[in-house]
Amino acid sequence: MEVKIDTKEKFHVITLLQANLSATMTEELSDCLLSYLRADIKNLVFNLKELQSIDNISAEKLVKVQQKFYENNASFVICELQPQVEDFLDKAELLEMMNVTPTESEAWDIIQMEDIERELLDGEDAES
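Rules behind the numbers
- Residues numbered from 1 in each chain as written.
- Predicted model: local features only at pLDDT ≥ 70, side-chain atom pairs only at ≥ 80, totals over all residues.
- Heavy atoms only, no water.
- Core = buried A, V, L, I, M, F, W, Y, C linked by side-chain atoms within 4.5 Å.
- Buried < 20%, exposed > 50% of the residue type's maximum accessible area, 1.4 Å probe, protein only.
- Helix = DSSP H or I, 4+ residues; strand = E, 2+ residues; numbered from the N terminus.
- Contact = heavy atoms within 4.5 Å.
- Salt bridge = Lys/Arg side-chain N within 4 Å of Asp/Glu carboxyl O.
- Axes fitted to C-alpha atoms, helices over the stretch in contact; angles between N-to-C directions.
- Parallel < 35°, antiparallel > 145°, perpendicular 65-115°, else oblique.
- Left-handed = near helix turned anticlockwise from the far one by under 90°.
- Nonpolar A, V, L, I, M, F, W, Y, C, P; charged D, E, K, R; others polar.
- Pairing = 2+ DSSP bridges.
- Polar contact = N/O pair within 3.5 Å; in protein donor to acceptor, adjacent residues only side chain to side chain.

Asker: Describe the nonpolar core, listing the residues and the values that go with them.
Answerer: Counting residues in each nonpolar core, the largest one holds 27 residues, and the members touching the most others are Leu-33, Phe-46, Leu-62, Phe-76 and Leu-89. Listed by contribution, the elements that provide at least two residues to this core are strand S2 (12–16), helix H1 (23–34), strand S4 (44–47), helix H2 (56–71), strand S6 (76–79) and helix H3 (83–91). At 5 residues, H2 tops the list of elements feeding residues into this core. Beyond its immediate sequence surroundings of up to four residues, Phe-76 is in contact with Leu-33, Leu-44, Phe-46, Leu-62, Val-65, Gln-66, Phe-69, Tyr-70 and Asn-99. The next biggest cluster of nonpolar side chains, apart from the first, holds 7 residues, and it includes Val-13, Val-45, Val-77 and Cys-79.

Quick look at the structure:
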């Protein structure tokens, strides 16, 4: 599995450099992505601009990975889906469960907004 990793101040951008994502590759990918929950910078942008096809098992695993990030107070945003991948996820009724943006820049914005939201909520909890 080939990925490109770009670390920013508040998040990592992981770009999958493969055209297909199958169930056999998904476990390795899941382990790779979830390992960031143990890092100092937990937020992740997952760029899928190269991905041309995905199967149901892989798509469902991505939803579970995203849920794990949010359970751990970290953001996970998928960006730059190809139209055929987006259509597949929509038909499988998984797209609405994912945090997806058209561009990487918009994904960064989502992460920054969620970070601010978490800081505000943490502040409210501290006051109660």
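Asker: Describe the pattern of salt bridges, naming the residues involved and giving the relevant values.
Answerer: Per the stated rule, a full pass over the model turns up 3 salt bridges. Asp-6 is the partner of Lys-8 in a salt bridge, and the nearest nitrogen-oxygen pair spans 3.1 Å. Residue classification places Asp-6 among the partly exposed positions, given a relative accessible area of 29%. Put simply, Asp-115 and Arg-118 hold a salt bridge, and the shortest N to O gap is 3.2 Å. Here Arg-118 and Asp-115 lie together in helix H4 (residues 104–127), a separation of 3 residues that amounts to about one turn. Of the two residues, Asp-115 and Arg-118, neither departs from the other in class, the shared state being buried.

Asker: Account for the packing of H1 against H2, with residues named and values stated.
Answerer: For any two helices packed against each other, the geometry is given by the interaxial angle and the distance between the axes. Relative to each other, H1 and H2 sit at 10°, their axes nearing to 9 Å. Judged on the interaxial angle alone, H2 and H1 are roughly parallel. Our pair here, H1 against H2, has a crossing hand that is right-handed. Residues Ala-23, Thr-26, Glu-27, Ser-30, Leu-33 and Leu-34 of H1 form the contact with H2, whose own contacting residues are Ile-57, Ser-58, Lys-61, Leu-62, Val-65, Lys-68 and Phe-69. Here the contact of H1 with H2 is composed, by residue class, of 7 nonpolar, 3 polar and 3 charged.

Asker: I'd like to hear about the sheet that holds strand S1 (residues 3–7), residue by residue, with values.
Answerer: Reading across the sheet, the 5 strands line up as S1-S2-S4-S6-S7 and stay open at both edges, with mixed pairing between neighbours. Taken across any chain shown, the strands that pair with only one partner, and hence form the sheet edges, are S1 and strand S7 (100–101). Where H2 meets the sheet, its contacts fall on S4 and S6, and the angle it forms with S6 comes to roughly 140°.

Asker: With reference to specific residues and values, describe the environment of Asn-47.
Answerer: Relative to the helices and strands, Asn-47 resides in strand S4. Distance from Asn-47 to Leu-16, taken between C-alpha atoms, is 6.5 Å for residues 31 residues apart in sequence. Side-chain polar atoms of Asn-47 contact the backbone nitrogen of Lys-49, separated by 2.9 Å.

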